[in-house]
Amino acid sequence: MTNLSTPAIWYPEQTDEDIQEEIDLMMVRSRYTAAFLKGEIHADTFLDFLDEVGFDVFNLAESWGLGDDTTS
């Protein structure tokens, strides 16, 4: 598997269960990202996944610079 930097969110006073849940989500995000980069899943599937886990895909698209000749 490709090594990807996919953050887990930690905050003070987080319970062990909460941090484990965040680590599990981090691993799922990493797997989906790797699959997308390898061409194993379509872009719409990847974006649907990101939307389901709480990301604003429109803000992500702007951040990625889609449509910009330099970053697309």
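These lines cover the structure that appears in this document, whether it is placed above or below. No experiment lies behind these values; they were computed from the predicted model shown. (Residues numbered from 1 in each chain as written. Predicted model: local features only at pLDDT ≥ 70, side-chain atom pairs only at ≥ 80, totals over all residues. Heavy atoms only, no water.)

## Brief notes about the packing of helix α1 (residues 16-37) against helix α2 (residues 43-52)
Geometrically, a packed helix pair is captured by the angle between its two axes and the distance between the axes. Two numbers describe how α1 lies on α2: the axes approach to 10 Å, and their chain directions differ by 165 degrees. It follows that α1 is roughly antiparallel to α2 by the angle criterion. The handedness of the crossing between α1 and α2 comes out as left-handed. Residues Val28, Arg29, Tyr32, Thr33 and Phe36 of α1 touch α2, and the partners they reach there are Ala43, Phe46 and Phe49. Class assignment for the residues of the contact of α1 with α2 results in 6 nonpolar, 1 polar and 1 charged. (Axes fitted to C-alpha atoms, helices over the stretch in contact; angles between N-to-C directions. Helix = DSSP H or I, 4+ residues; strand = E, 2+ residues; numbered from the N terminus. Parallel < 35°, antiparallel > 145°, perpendicular 65-115°, else oblique. Left-handed = near helix turned anticlockwise from the far one by under 90°. Contact = heavy atoms within 4.5 Å. Nonpolar A, V, L, I, M, F, W, Y, C, P; charged D, E, K, R; others polar.)

## Focus: the packing of α2 against helix α3 (residues 57-64)
Contact geometry for α2 and α3: axes closest at 9 Å, N-to-C directions at 120 degrees. Considered as vectors, α2 and α3 are oriented oblique to each other. When α2 is examined against α3, the residues Phe46, Leu47, Leu50 and Asp51 are found in contact with a partner set consisting of Val57, Leu60 and Trp64. Looking at side-chain class alone, the contact of α2 with α3 contains 6 nonpolar, no polar and 1 charged residues.

## Some remarks on unusual backbone geometry
Positive phi, normally seen in glycine, also occurs at Glu13, with a value near 65 degrees. Mapped onto the elements, Glu13 comes out in the segment before α1. Glu13 sits in the exposed class, given a relative accessible area of 80%. (Buried < 20%, exposed > 50% of the residue type's maximum accessible area, 1.4 Å probe, protein only.)

## A few points about a negative patch on the surface
On the surface, a cluster of negative charge is made up of Asp44, Asp48, Asp51, Glu52, Asp56 and Glu62. For the negative patch, the element with the highest residue contribution is α2, accounting for 4 residues. (Patch = residues over 30% accessible without salt bridge, like charges linked within 9 Å, V, L, I, M, F, W, Y side chains within 5 Å. Areas by Shrake-Rupley, 256 points an atom, 1.4 Å probe, with all protein chains shown as cover. Salt bridge = Lys/Arg side-chain N within 4 Å of Asp/Glu carboxyl O. Lys, Arg positive; Asp, Glu negative; His and termini not counted. Charge placed at Lys NZ, Arg CZ, Asp CG, Glu CD.)

## Quick notes on a nonpolar patch on the surface
Together, Leu25, Val53 and Phe55 line one region of the surface with nonpolar side chains, adding up to about 210 Å² of accessible area. Along the chain, Phe55 falls in the loop between α2 and α3. A residue is classified by how much of its surface remains accessible, and Phe55, at 35% relative accessible area, is partly exposed.

## Some details on α1
Compared with the 32 Å implied by 1.5 Å per residue over 22 residues, the 31 Å span of α1 between its first and last C-alpha is a close match. Where α1 is concerned, the buried positions are Glu22, Met26, Arg29, Ser30, Ala34 and Ala35. Tucked inside the fold, the buried residues of α1 contact α2. (Expected span 1.5 Å × (residues − 1).)

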